[in-house]
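Descriptive structure summary
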Amino acid sequence: MKNRYSIFSLIKNAFSYHENWQKAWKDPVPKKEYDAVIIGGGGHGLATAYYLAKKHNMKNIAVVEKGWIGGGNTGRNTTIIRSNYLWDASAGLYDHALKLWEGLSQEINYNVMFSQRGVMNLAHNLQDVRDLKRRTHANRLNGIDAYYLSTEEVKKFCPIINTSPDIRYPVLGGTLQKRAGTARHDAVAWGYARGADEMGVDIIQNCEVKGIKRNGDEIEGLETNKGFIKTKKVGVVAAGHSSVLANMAGLRLPLESKPLQALVSEPVKPIIDTVVMSNAVHAYVSQSDKGELVIGAGTDDYISYSQKGSHQIVEGTLNAIIELYPIFSRMRMLRQWGGIVDICPDASPIISKTTIKGLYFNCGWGTGGFKATPGSGDLFAHTIANDEPHKLNAAFNLNRFVSGDLVDEHGAAAVAH
Amino acid sequence: MFIINCPFCGERDHSEFKAGGEAHIERPKQPTELSDDEWAQYLFMRKNIKGIQFERWNHAHGCRKWFNMIRDTSNDEIKSIYKMGEKPPLK
(Lines give C-alpha, C1' and ligand atoms only; values in the text may rest on other atoms or scores of the structure.)
Protein backbone atom coordinates (compact mmCIF):
# COMPACT_ATOMS: atom_id res chain seq x y z
CA MET A 1 0.00 0.00 0.00
CA LYS A 2 1.33 3.38 -0.94
CA ASN A 3 1.44 6.21 1.55
CA ARG A 4 -0.86 9.02 0.48
CA TYR A 5 0.70 12.31 -0.51
CA SER A 6 -0.71 15.20 1.51
CA ILE A 7 0.35 18.31 3.38
CA PHE A 8 0.85 16.09 6.45
CA SER A 9 3.13 13.61 4.66
CA LEU A 10 5.10 16.60 3.36
CA ILE A 11 5.57 17.98 6.89
CA LYS A 12 6.39 14.53 8.29
CA ASN A 13 9.06 13.92 5.66
CA ALA A 14 10.53 17.38 6.16
CA PHE A 15 11.68 16.21 9.61
CA SER A 16 13.84 13.52 8.01
CA TYR A 17 15.20 15.90 5.35
CA HIS A 18 13.04 14.24 2.65
CA GLU A 19 15.34 11.23 2.66
CA ASN A 20 12.75 8.62 3.62
CA TRP A 21 10.06 9.03 0.96
CA GLN A 22 8.59 5.73 -0.12
CA LYS A 23 9.57 4.57 -3.62
CA ALA A 24 6.90 5.67 -6.09
CA TRP A 25 7.19 2.51 -8.19
CA LYS A 26 9.10 -0.76 -8.12
CA ASP A 27 11.77 -1.91 -10.53
CA PRO A 28 10.55 -5.44 -11.32
CA VAL A 29 12.03 -8.09 -13.60
CA PRO A 30 9.52 -9.24 -16.23
CA LYS A 31 7.38 -12.25 -15.40
CA LYS A 32 7.12 -15.11 -17.91
CA GLU A 33 3.56 -14.25 -18.83
CA TYR A 34 1.10 -11.38 -18.57
CA ASP A 35 -2.57 -10.97 -19.47
CA ALA A 36 -1.61 -7.86 -21.42
CA VAL A 37 1.55 -5.90 -22.16
CA ILE A 38 1.63 -2.20 -23.03
CA ILE A 39 4.60 -1.14 -25.17
CA GLY A 40 5.60 2.40 -24.32
CA GLY A 41 5.94 3.99 -20.88
CA GLY A 42 4.87 7.50 -21.76
CA GLY A 43 1.81 9.25 -20.40
CA HIS A 44 -0.59 7.45 -22.74
CA GLY A 45 0.88 4.00 -22.07
CA LEU A 46 0.97 4.43 -18.31
CA ALA A 47 -2.57 5.86 -18.31
CA THR A 48 -3.69 2.83 -20.33
CA ALA A 49 -2.18 0.48 -17.75
CA TYR A 50 -3.69 2.49 -14.90
CA TYR A 51 -7.23 2.33 -16.32
CA LEU A 52 -6.84 -1.35 -17.32
CA ALA A 53 -6.09 -2.17 -13.70
CA LYS A 54 -8.56 0.27 -12.17
CA LYS A 55 -11.63 0.01 -14.38
CA HIS A 56 -11.23 -3.40 -16.03
CA ASN A 57 -9.59 -5.27 -13.17
CA MET A 58 -6.68 -6.44 -15.35
CA LYS A 59 -3.85 -6.44 -12.85
CA ASN A 60 -1.50 -9.05 -14.26
CA ILE A 61 -0.19 -6.61 -16.84
CA ALA A 62 3.07 -4.85 -17.64
CA VAL A 63 4.30 -1.68 -19.28
CA VAL A 64 7.58 -2.13 -21.13
CA GLU A 65 9.61 0.98 -21.90
CA LYS A 66 12.87 0.98 -23.86
CA GLY A 67 14.25 4.01 -22.02
CA TRP A 68 12.84 5.56 -18.87
CA ILE A 69 9.19 6.42 -18.26
CA GLY A 70 8.10 9.81 -19.55
CA GLY A 71 11.41 10.23 -21.39
CA GLY A 72 9.94 10.57 -24.87
CA ASN A 73 7.34 13.01 -26.09
CA THR A 74 5.68 13.09 -22.65
CA GLY A 75 8.65 15.04 -21.34
CA ARG A 76 9.16 17.06 -24.52
CA ASN A 77 5.82 18.69 -25.28
CA THR A 78 4.57 22.18 -24.47
CA THR A 79 1.92 20.81 -22.04
CA ILE A 80 -1.09 22.51 -23.61
CA ILE A 81 -4.51 21.03 -22.81
CA ARG A 82 -7.66 22.03 -24.70
CA SER A 83 -10.64 20.39 -26.37
CA ASN A 84 -11.81 23.00 -28.89
CA TYR A 85 -11.72 20.68 -31.91
CA LEU A 86 -14.04 21.15 -34.86
CA TRP A 87 -15.53 17.74 -35.61
CA ASP A 88 -17.98 15.92 -33.34
CA ALA A 89 -15.79 12.82 -33.00
CA SER A 90 -12.75 14.89 -31.98
CA ALA A 91 -14.77 17.09 -29.64
CA GLY A 92 -16.07 13.97 -27.88
CA LEU A 93 -12.59 12.48 -27.58
CA TYR A 94 -10.72 15.56 -26.39
CA ASP A 95 -13.45 16.82 -24.06
CA HIS A 96 -13.59 13.38 -22.43
CA ALA A 97 -9.89 13.83 -21.72
CA LEU A 98 -10.37 17.38 -20.46
CA LYS A 99 -13.07 16.22 -18.02
CA LEU A 100 -10.68 13.56 -16.68
CA TRP A 101 -7.92 16.21 -16.32
CA GLU A 102 -10.25 18.24 -14.10
CA GLY A 103 -10.26 15.55 -11.41
CA LEU A 104 -6.95 13.85 -12.14
CA SER A 105 -4.75 15.15 -9.31
CA GLN A 106 -7.35 13.99 -6.75
CA GLU A 107 -7.95 10.68 -8.49
CA ILE A 108 -4.32 9.58 -8.66
CA ASN A 109 -3.21 11.44 -5.50
CA TYR A 110 -0.46 13.14 -7.44
CA ASN A 111 -0.33 16.85 -8.15
CA VAL A 112 -0.21 17.15 -11.94
CA MET A 113 -0.41 20.95 -11.55
CA PHE A 114 -3.35 21.17 -13.91
CA SER A 115 -3.96 24.87 -14.43
CA GLN A 116 -7.06 26.04 -16.29
CA ARG A 117 -5.52 29.31 -17.37
CA GLY A 118 -7.35 29.34 -20.70
CA VAL A 119 -6.13 28.86 -24.25
CA MET A 120 -6.56 31.66 -26.77
CA ASN A 121 -6.28 31.06 -30.52
CA LEU A 122 -5.59 34.06 -32.73
CA ALA A 123 -6.95 34.93 -36.16
CA HIS A 124 -4.66 36.79 -38.56
CA ASN A 125 -6.66 36.92 -41.77
CA LEU A 126 -10.25 36.83 -42.93
CA GLN A 127 -10.27 33.07 -43.46
CA ASP A 128 -8.93 32.57 -39.92
CA VAL A 129 -11.79 34.72 -38.61
CA ARG A 130 -14.37 32.65 -40.46
CA ASP A 131 -12.79 29.35 -39.40
CA LEU A 132 -12.53 30.39 -35.78
CA LYS A 133 -16.14 31.60 -35.67
CA ARG A 134 -17.30 28.36 -37.24
CA ARG A 135 -15.29 26.36 -34.73
CA THR A 136 -16.69 28.39 -31.84
CA HIS A 137 -20.22 27.53 -32.93
CA ALA A 138 -19.34 23.87 -33.48
CA ASN A 139 -17.74 23.69 -30.02
CA ARG A 140 -20.81 25.20 -28.37
CA LEU A 141 -23.10 22.72 -30.08
CA ASN A 142 -20.91 19.98 -28.60
CA GLY A 143 -21.10 21.46 -25.11
CA ILE A 144 -17.52 22.77 -25.12
CA ASP A 145 -16.95 26.23 -23.71
CA ALA A 146 -15.85 28.59 -26.47
CA TYR A 147 -15.90 32.33 -26.97
CA TYR A 148 -15.09 34.46 -29.96
CA LEU A 149 -13.06 37.54 -29.07
CA SER A 150 -12.65 40.81 -30.94
CA THR A 151 -9.19 42.36 -31.30
CA GLU A 152 -9.93 44.61 -28.31
CA GLU A 153 -11.01 41.63 -26.21
CA VAL A 154 -7.82 39.76 -27.19
CA LYS A 155 -5.79 42.76 -26.04
CA LYS A 156 -7.73 42.93 -22.78
CA PHE A 157 -7.24 39.21 -22.07
CA CYS A 158 -3.52 39.25 -22.88
CA PRO A 159 -2.22 42.85 -22.84
CA ILE A 160 1.31 42.10 -24.07
CA ILE A 161 0.10 41.03 -27.53
CA ASN A 162 0.83 43.56 -30.24
CA THR A 163 -2.60 44.25 -31.75
CA SER A 164 -1.44 47.08 -33.97
CA PRO A 165 -3.01 46.89 -37.45
CA ASP A 166 0.42 47.69 -38.93
CA ILE A 167 2.18 44.39 -38.22
CA ARG A 168 2.70 41.82 -40.97
CA TYR A 169 -0.03 39.50 -39.67
CA PRO A 170 -2.35 41.71 -37.59
CA VAL A 171 -4.56 40.18 -34.91
CA LEU A 172 -8.13 40.30 -36.24
CA GLY A 173 -9.73 38.36 -33.40
CA GLY A 174 -9.44 35.14 -31.51
CA THR A 175 -11.18 32.38 -29.62
CA LEU A 176 -10.94 31.50 -25.97
CA GLN A 177 -11.52 28.24 -24.17
CA LYS A 178 -11.44 29.05 -20.46
CA ARG A 179 -11.39 25.43 -19.25
CA ALA A 180 -8.25 24.78 -21.26
CA GLY A 181 -4.77 25.26 -19.86
CA THR A 182 -1.58 23.41 -19.01
CA ALA A 183 -0.30 20.65 -16.69
CA ARG A 184 3.06 19.42 -15.51
CA HIS A 185 4.00 16.79 -18.09
CA ASP A 186 6.44 14.67 -16.04
CA ALA A 187 4.00 14.53 -13.14
CA VAL A 188 1.37 12.97 -15.38
CA ALA A 189 3.66 10.06 -16.26
CA TRP A 190 4.91 9.69 -12.70
CA GLY A 191 1.44 9.93 -11.18
CA TYR A 192 -0.03 7.29 -13.48
CA ALA A 193 3.05 5.08 -12.95
CA ARG A 194 2.68 5.31 -9.19
CA GLY A 195 -1.05 4.60 -9.39
CA ALA A 196 -0.62 1.64 -11.73
CA ASP A 197 2.28 0.23 -9.69
CA GLU A 198 0.13 0.35 -6.56
CA MET A 199 -2.50 -1.84 -8.26
CA GLY A 200 0.14 -4.42 -9.21
CA VAL A 201 1.15 -3.34 -12.71
CA ASP A 202 4.80 -4.11 -13.53
CA ILE A 203 6.55 -1.07 -15.00
CA ILE A 204 9.66 -2.40 -16.70
CA GLN A 205 12.13 0.25 -17.83
CA ASN A 206 15.14 -0.26 -20.12
CA CYS A 207 13.19 -3.04 -21.78
CA GLU A 208 13.24 -2.72 -25.55
CA VAL A 209 10.91 -4.77 -27.71
CA LYS A 210 12.89 -6.52 -30.47
CA GLY A 211 10.14 -8.55 -32.04
CA ILE A 212 6.42 -9.29 -31.91
CA LYS A 213 5.74 -13.01 -32.10
CA ARG A 214 2.61 -14.12 -33.93
CA ASN A 215 0.99 -17.47 -34.34
CA GLY A 216 -0.97 -16.94 -37.53
CA ASP A 217 -3.27 -14.05 -36.81
CA GLU A 218 -2.87 -14.18 -33.04
CA ILE A 219 -0.35 -12.58 -30.74
CA GLU A 220 1.92 -14.98 -28.82
CA GLY A 221 4.31 -12.65 -27.08
CA LEU A 222 7.15 -10.18 -27.26
CA GLU A 223 10.85 -10.64 -27.80
CA THR A 224 12.65 -8.12 -25.62
CA ASN A 225 16.20 -7.45 -24.47
CA LYS A 226 15.06 -8.89 -21.11
CA GLY A 227 13.86 -12.14 -22.63
CA PHE A 228 10.63 -13.46 -24.12
CA ILE A 229 7.37 -12.27 -22.53
CA LYS A 230 4.32 -14.39 -23.24
CA THR A 231 1.05 -12.53 -23.65
CA LYS A 232 -2.15 -12.67 -25.67
CA LYS A 233 -2.78 -8.93 -25.73
CA VAL A 234 -0.36 -6.21 -26.75
CA GLY A 235 -1.18 -2.51 -26.75
CA VAL A 236 1.32 -0.41 -28.67
CA VAL A 237 1.59 3.20 -27.49
CA ALA A 238 4.93 4.13 -29.00
CA ALA A 239 4.28 7.53 -30.65
CA GLY A 240 7.03 8.21 -33.21
CA HIS A 241 8.16 4.58 -33.17
CA SER A 242 4.71 3.09 -33.86
CA SER A 243 5.61 2.18 -37.45
CA VAL A 244 8.78 0.42 -36.27
CA LEU A 245 6.68 -1.83 -34.02
CA ALA A 246 4.00 -2.27 -36.68
CA ASN A 247 6.71 -3.49 -39.08
CA MET A 248 7.73 -6.10 -36.47
CA ALA A 249 4.17 -7.43 -36.57
CA GLY A 250 4.02 -7.27 -40.36
CA LEU A 251 1.55 -4.37 -40.42
CA ARG A 252 1.56 -1.06 -42.26
CA LEU A 253 0.31 2.12 -40.64
CA PRO A 254 -0.68 5.40 -42.32
CA LEU A 255 1.94 7.30 -40.31
CA GLU A 256 4.94 9.49 -40.98
CA SER A 257 7.35 10.26 -38.14
CA LYS A 258 8.70 13.79 -38.12
CA PRO A 259 10.67 16.03 -35.79
CA LEU A 260 8.71 18.61 -33.79
CA GLN A 261 10.60 21.21 -31.82
CA ALA A 262 10.01 23.28 -28.71
CA LEU A 263 12.11 25.68 -26.73
CA VAL A 264 12.13 27.53 -23.42
CA SER A 265 13.55 30.91 -22.50
CA GLU A 266 15.41 32.01 -19.42
CA PRO A 267 13.01 32.33 -16.46
CA VAL A 268 11.41 35.72 -15.92
CA LYS A 269 8.70 37.18 -13.66
CA PRO A 270 5.07 36.33 -14.51
CA ILE A 271 4.18 38.10 -17.73
CA ILE A 272 1.72 35.86 -19.58
CA ASP A 273 -0.98 34.10 -17.54
CA THR A 274 -2.63 32.15 -20.34
CA VAL A 275 -1.70 30.11 -23.41
CA VAL A 276 -1.74 31.92 -26.75
CA MET A 277 -1.67 29.95 -29.98
CA SER A 278 -1.44 31.31 -33.45
CA ASN A 279 -2.12 29.01 -36.33
CA ALA A 280 -1.31 31.23 -39.28
CA VAL A 281 2.13 32.32 -38.11
CA HIS A 282 2.75 29.10 -36.19
CA ALA A 283 3.72 30.37 -32.79
CA TYR A 284 2.41 29.43 -29.44
CA VAL A 285 3.58 30.50 -26.06
CA SER A 286 2.81 30.06 -22.38
CA GLN A 287 4.80 30.55 -19.20
CA SER A 288 5.82 27.74 -16.88
CA ASP A 289 5.61 28.01 -13.11
CA LYS A 290 9.39 28.39 -13.08
CA GLY A 291 8.97 31.49 -15.25
CA GLU A 292 10.31 30.17 -18.53
CA LEU A 293 8.44 31.00 -21.70
CA VAL A 294 7.44 27.68 -23.25
CA ILE A 295 7.39 28.04 -27.03
CA GLY A 296 6.20 25.48 -29.52
CA ALA A 297 7.62 25.45 -33.04
CA GLY A 298 6.49 23.45 -36.06
CA THR A 299 7.35 20.11 -37.60
CA ASP A 300 9.90 19.51 -40.30
CA ASP A 301 8.51 18.07 -43.52
CA TYR A 302 10.89 15.11 -43.80
CA ILE A 303 10.76 11.78 -41.99
CA SER A 304 13.31 11.49 -39.22
CA TYR A 305 13.81 9.63 -35.96
CA SER A 306 16.82 11.72 -34.95
CA GLN A 307 15.00 13.90 -32.35
CA LYS A 308 16.60 16.93 -34.00
CA GLY A 309 14.78 19.52 -36.03
CA SER A 310 15.88 22.20 -38.47
CA HIS A 311 17.13 25.59 -37.44
CA GLN A 312 14.90 27.52 -39.82
CA ILE A 313 11.79 26.09 -38.11
CA VAL A 314 12.83 27.61 -34.80
CA GLU A 315 13.83 30.85 -36.51
CA GLY A 316 10.42 31.16 -38.17
CA THR A 317 8.61 30.63 -34.88
CA LEU A 318 10.76 33.17 -33.05
CA ASN A 319 10.20 35.74 -35.82
CA ALA A 320 6.47 35.39 -35.25
CA ILE A 321 6.80 35.49 -31.46
CA ILE A 322 8.81 38.70 -31.58
CA GLU A 323 6.34 40.39 -33.88
CA LEU A 324 3.36 39.40 -31.73
CA TYR A 325 5.18 40.11 -28.44
CA PRO A 326 7.74 42.90 -28.97
CA ILE A 327 8.37 42.78 -25.19
CA PHE A 328 10.14 39.40 -25.68
CA SER A 329 12.60 40.68 -28.28
CA ARG A 330 15.59 40.58 -25.94
CA MET A 331 14.73 37.32 -24.17
CA ARG A 332 17.39 34.65 -24.36
CA MET A 333 16.46 31.08 -25.10
CA LEU A 334 17.71 28.54 -22.63
CA ARG A 335 17.04 25.17 -24.21
CA GLN A 336 15.72 23.77 -27.46
CA TRP A 337 14.86 20.17 -28.24
CA GLY A 338 12.99 17.91 -30.64
CA GLY A 339 10.68 14.96 -30.34
CA ILE A 340 9.46 12.54 -32.98
CA VAL A 341 5.75 12.78 -33.69
CA ASP A 342 3.69 10.24 -35.64
CA ILE A 343 1.42 12.11 -38.01
CA CYS A 344 -1.71 10.66 -39.58
CA PRO A 345 -2.93 11.86 -43.00
CA ASP A 346 -6.07 13.30 -41.35
CA ALA A 347 -4.25 14.67 -38.28
CA SER A 348 -6.42 12.55 -36.00
CA PRO A 349 -5.24 9.70 -33.79
CA ILE A 350 -5.73 5.96 -34.15
CA ILE A 351 -7.06 4.07 -31.10
CA SER A 352 -7.90 0.79 -32.67
CA LYS A 353 -7.90 -2.95 -33.00
CA THR A 354 -5.91 -4.37 -35.90
CA THR A 355 -6.29 -7.30 -38.26
CA ILE A 356 -4.16 -9.30 -35.81
CA LYS A 357 -6.10 -10.64 -32.83
CA GLY A 358 -4.80 -9.24 -29.57
CA LEU A 359 -2.77 -6.45 -31.17
CA TYR A 360 -3.96 -2.90 -30.53
CA PHE A 361 -2.53 0.42 -31.60
CA ASN A 362 -2.83 3.82 -29.97
CA CYS A 363 -0.88 6.18 -32.22
CA GLY A 364 -1.04 8.99 -34.73
CA TRP A 365 -1.44 11.72 -32.12
CA GLY A 366 0.96 13.82 -34.13
CA THR A 367 1.73 17.19 -32.64
CA GLY A 368 -1.01 17.20 -30.01
CA GLY A 369 -1.18 14.06 -27.91
CA PHE A 370 -0.39 15.37 -24.46
CA LYS A 371 -3.78 17.02 -23.96
CA ALA A 372 -5.52 13.69 -24.53
CA THR A 373 -3.41 11.60 -22.13
CA PRO A 374 -6.12 10.61 -19.59
CA GLY A 375 -8.84 10.13 -22.21
CA SER A 376 -6.55 8.23 -24.54
CA GLY A 377 -5.53 5.87 -21.74
CA ASP A 378 -9.11 5.37 -20.60
CA LEU A 379 -10.47 4.61 -24.08
CA PHE A 380 -7.51 2.46 -25.11
CA ALA A 381 -7.90 0.42 -21.90
CA HIS A 382 -11.57 -0.07 -22.77
CA THR A 383 -10.65 -1.17 -26.29
CA ILE A 384 -8.05 -3.68 -25.05
CA ALA A 385 -10.16 -5.07 -22.20
CA ASN A 386 -13.35 -5.55 -24.25
CA ASP A 387 -11.75 -6.15 -27.64
CA GLU A 388 -14.20 -3.48 -28.83
CA PRO A 389 -13.79 0.28 -29.05
CA HIS A 390 -15.66 2.62 -26.72
CA LYS A 391 -18.19 4.78 -28.57
CA LEU A 392 -15.90 7.80 -28.10
CA ASN A 393 -13.01 6.21 -29.99
CA ALA A 394 -15.02 4.16 -32.50
CA ALA A 395 -14.42 6.79 -35.20
CA PHE A 396 -10.67 6.65 -34.61
CA ASN A 397 -10.25 3.16 -36.00
CA LEU A 398 -7.60 2.01 -38.43
CA ASN A 399 -10.21 1.00 -40.96
CA ARG A 400 -11.15 4.62 -41.66
CA PHE A 401 -8.29 4.79 -44.15
CA VAL A 402 -9.97 2.02 -46.12
CA SER A 403 -13.57 3.22 -45.77
CA GLY A 404 -12.65 6.87 -46.37
CA ASP A 405 -14.48 7.99 -43.23
CA LEU A 406 -11.63 10.26 -42.11
CA VAL A 407 -11.76 12.69 -39.18
CA ASP A 408 -10.11 15.54 -41.01
CA GLU A 409 -8.76 17.87 -38.36
CA HIS A 410 -6.00 19.29 -40.55
CA GLY A 411 -6.26 23.02 -40.16
CA ALA A 412 -9.57 22.63 -38.36
CA ALA A 413 -7.92 21.72 -35.09
CA ALA A 414 -6.91 25.27 -34.20
CA VAL A 415 -3.26 24.63 -34.91
CA ALA A 416 -1.20 23.92 -37.98
CA HIS A 417 0.24 20.43 -37.95
CA MET B 1 20.39 20.30 -40.44
CA PHE B 2 22.11 18.88 -43.44
CA ILE B 3 23.47 19.84 -46.86
CA ILE B 4 21.80 18.31 -49.90
CA ASN B 5 23.70 17.80 -53.13
CA CYS B 6 21.06 18.62 -55.75
CA PRO B 7 21.88 16.63 -58.89
CA PHE B 8 21.19 19.77 -60.94
CA CYS B 9 22.50 22.64 -58.78
CA GLY B 10 25.10 21.13 -56.42
CA GLU B 11 25.33 21.48 -52.67
CA ARG B 12 22.68 23.61 -50.97
CA ASP B 13 21.26 23.93 -47.46
CA HIS B 14 18.31 21.62 -46.94
CA SER B 15 16.05 24.57 -46.09
CA GLU B 16 15.89 25.13 -49.88
CA PHE B 17 14.32 21.69 -50.35
CA LYS B 18 10.92 20.16 -49.77
CA ALA B 19 10.61 16.53 -48.74
CA GLY B 20 8.20 14.50 -50.85
CA GLY B 21 7.92 11.36 -48.76
CA GLU B 22 8.51 7.73 -49.64
CA ALA B 23 9.84 7.07 -53.15
CA HIS B 24 9.02 4.35 -55.68
CA ILE B 25 5.32 4.15 -54.83
CA GLU B 26 3.84 3.25 -58.17
CA ARG B 27 0.52 4.70 -59.20
CA PRO B 28 -1.96 1.86 -59.80
CA LYS B 29 -1.98 0.93 -63.48
CA GLN B 30 -5.69 0.15 -63.50
CA PRO B 31 -7.31 2.37 -60.88
CA THR B 32 -10.84 1.18 -61.66
CA GLU B 33 -9.89 -2.40 -60.73
CA LEU B 34 -8.65 -1.48 -57.25
CA SER B 35 -10.43 -2.52 -54.06
CA ASP B 36 -10.85 -0.05 -51.18
CA ASP B 37 -8.11 -1.86 -49.30
CA GLU B 38 -5.68 -1.53 -52.20
CA TRP B 39 -6.50 2.17 -52.49
CA ALA B 40 -5.78 2.59 -48.77
CA GLN B 41 -2.41 0.88 -49.21
CA TYR B 42 -1.51 3.14 -52.12
CA LEU B 43 -2.81 6.41 -50.68
CA PHE B 44 -2.11 6.19 -46.96
CA MET B 45 0.00 3.25 -45.77
CA ARG B 46 3.71 4.04 -45.52
CA LYS B 47 6.85 2.15 -44.54
CA ASN B 48 8.01 5.08 -42.37
CA ILE B 49 11.33 3.34 -41.87
CA LYS B 50 13.76 4.01 -39.06
CA GLY B 51 17.00 3.46 -40.94
CA ILE B 52 17.73 3.43 -44.66
CA GLN B 53 14.83 4.98 -46.51
CA PHE B 54 14.25 5.77 -50.20
CA GLU B 55 12.51 9.09 -50.63
CA ARG B 56 11.68 11.91 -53.02
CA TRP B 57 12.88 15.49 -52.61
CA ASN B 58 12.16 18.68 -54.52
CA HIS B 59 14.55 21.61 -54.82
CA ALA B 60 11.62 23.95 -54.15
CA HIS B 61 13.64 27.16 -53.70
CA GLY B 62 16.10 26.35 -56.47
CA CYS B 63 15.69 24.53 -59.76
CA ARG B 64 12.32 23.11 -58.61
CA LYS B 65 13.22 19.69 -59.97
CA TRP B 66 12.42 16.42 -58.26
CA PHE B 67 15.01 13.75 -57.46
CA ASN B 68 15.45 10.69 -55.25
CA MET B 69 17.49 10.29 -52.11
CA ILE B 70 18.59 7.40 -49.92
CA ARG B 71 18.84 8.61 -46.35
CA ASP B 72 19.29 7.10 -42.92
CA THR B 73 16.32 8.48 -40.97
CA SER B 74 17.86 7.52 -37.63
CA ASN B 75 20.63 10.11 -37.99
CA ASP B 76 19.67 12.10 -41.14
CA GLU B 77 22.80 10.96 -43.00
CA ILE B 78 22.40 11.06 -46.78
CA LYS B 79 23.69 7.89 -48.42
CA SER B 80 23.02 8.59 -52.06
CA ILE B 81 21.16 10.90 -54.44
CA TYR B 82 19.93 9.90 -57.89
CA LYS B 83 17.70 11.36 -60.57
CA MET B 84 14.10 10.43 -61.21
CA GLY B 85 13.86 7.38 -63.44
CA GLU B 86 17.34 6.14 -62.51
CA LYS B 87 17.82 2.82 -60.76
CA PRO B 88 18.59 3.21 -57.03
CA PRO B 89 22.34 2.73 -56.48
CA LEU B 90 21.75 0.79 -53.24
CA LYS B 91 19.36 -2.02 -52.58
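Residues numbered from 1 in each chain as written. Chains lettered and ligands numbered in written order. Predicted model: local features only at pLDDT ≥ 70, side-chain atom pairs only at ≥ 80, totals over all residues. Heavy atoms only, no water.

**Topic: the overall build of chain A**
What counts is decided by this rule: The numbering of helices and of strands both runs from the N terminus, where a helix is a DSSP run of H or I of at least 4 residues and a strand a run of E of at least 2. Here the globule rule is a power law, 2.2 Å times the number of residues to the power 0.38, and the radius of gyration is based on C-alpha atoms. Only heavy atoms matter for contacts: two residues are in contact if any of them lie within 4.5 Å across the pair. Under the convention used here, a 1.4 Å probe and the Shrake-Rupley method define accessible areas, while residue burial counts only the protein chains that appear.
For chain A, the count of helices and strands is 10 helices and 20 strands. Relative to a compact globule of 417 residues, whose C-alpha radius of gyration would be 22 Å, chain A shows 21 Å and is just as compact. With the principal axes as the frame, chain A shows a C-alpha extent of 65 × 60 × 40 Å. Here the contacts in chain A between residues at least 6 apart in sequence split such that 75% fall between residues at least 24 apart. Taken as a whole, chain A presents about 17,200 Å² of accessible surface, with 52% of it coming from carbon and sulfur.

**Describing the environment of Asn111(A)**
Residues and elements named next belong to chain A. As a reminder of what qualifies: Think of a polar contact as two N or O atoms within 3.5 Å of one another; within protein, one of them needs to be a possible hydrogen donor and the other a possible acceptor, and neighboring residues in sequence only count if both atoms come from side chains.
Mapped onto the elements, Asn 111 comes out in the loop between α3 (88-108) and β5 (119-123). Sequence-wise, Asn 111 and Ser 6 are 105 residues apart; in three dimensions their C-alpha atoms are separated by 9.8 Å. When near neighbours in sequence (up to four residues on either side) are disregarded, Asn 111 contacts Ser 105 and Ala 187. Within the structure, the side chain of Asn 111 is placed 2.8 Å from the backbone nitrogen of Met 113, a separation counted as a polar contact.

**Some words on the packing of aromatic side chains**
Each aromatic ring pair is summarised here by two numbers: the centre-to-centre distance and the angle between the ring planes. For clarity, the threshold we go by: Geometry of aromatic contacts follows a simple scheme: Phe, Tyr and Trp rings, the Trp one being its six-membered ring, pair when their centres are within 6.5 Å, and the pair is stacked under 30 degrees between planes, edge-to-face over 60, tilted otherwise. With a 1.4 Å probe rolled over the protein chains alone, any residue whose accessible area is under 20% of its type maximum counts as buried; one over 50% counts as exposed, and the rest are partly exposed.
Per the stated rule, a full pass over the model turns up 16 aromatic pairs over all chains. Pairing Trp101(A) with Phe370(A) gives two aromatic rings, centres 5.4 Å apart and planes at 45°, and the pair type is tilted. A residue pair is termed long-range when its members are at least 10 positions apart, and Trp101(A) in helix α3 and Phe370(A) in the loop between β20 (359-363) and α9 (373-386) qualify at 269 residues. In this structure, Trp101(A) and Phe370(A) share a single accessibility class: buried. For the pair Phe401(A) and Phe44(B), a centre-to-centre distance of 5.4 Å together with 70° between the ring planes defines the contact as edge-to-face. One end of the pair, Phe401(A), is in helix α10 (residues 400-403); the other, Phe44(B), is in the loop between α1 (36-43) and β4 (52-58), on a second chain. Assigned by exposure class, Phe401(A) and Phe44(B) land together as buried. Cluster of aromatic residues (ring-pair linked, three or more members): Tyr5(A), Trp21(A) and Tyr110(A).

**What about helix α2 (residues 43-56) of chain A?**
Residue and element names in this part refer to chain A. The line we're drawing: In this scheme, a helix's expected span is set at 1.5 Å multiplied by one less than its residue total.
An ideal rise of 1.5 Å per residue puts 20 Å on 14 residues; α2 measures up with 19 Å between its terminal C-alpha atoms. Counting buried residues in α2 gives 11 out of 14 residues, a clear majority hidden from the surface. Buried within α2 are the following residues: Gly 43, His 44, Gly 45, Leu 46, Ala 47, Thr 48, Ala 49, Tyr 50, Tyr 51, Leu 52 and Ala 53. Positive phi shows up at Asn 57, right after α2, with a value of about 55°.

**Some thoughts on the pattern of salt bridges**
The line we're drawing: In the sections that follow, a salt bridge refers to a side-chain nitrogen of Lys or Arg positioned within 4 Å of a carboxyl oxygen of Asp or Glu.
Inspection of the entire model under this criterion finds 26 salt bridges over all chains. The salt bridge involving Glu292(A) is made with Arg335(A); its shortest N-O contact spans 3.4 Å. Of this pair, Glu292(A) sits in the loop between β16 (283-287) and β17 (293-299) while Arg335(A) sits in strand β18 (residues 333-343), and the two are 43 residues apart along the sequence. The closest approach of N and O atoms between Arg71(B) and Asp76(B), which form a salt bridge, is 3.0 Å. A network of salt bridges, in which partner residues are shared, links Asp95(A), Lys99(A), Glu102(A), Asp145(A) and Arg179(A).

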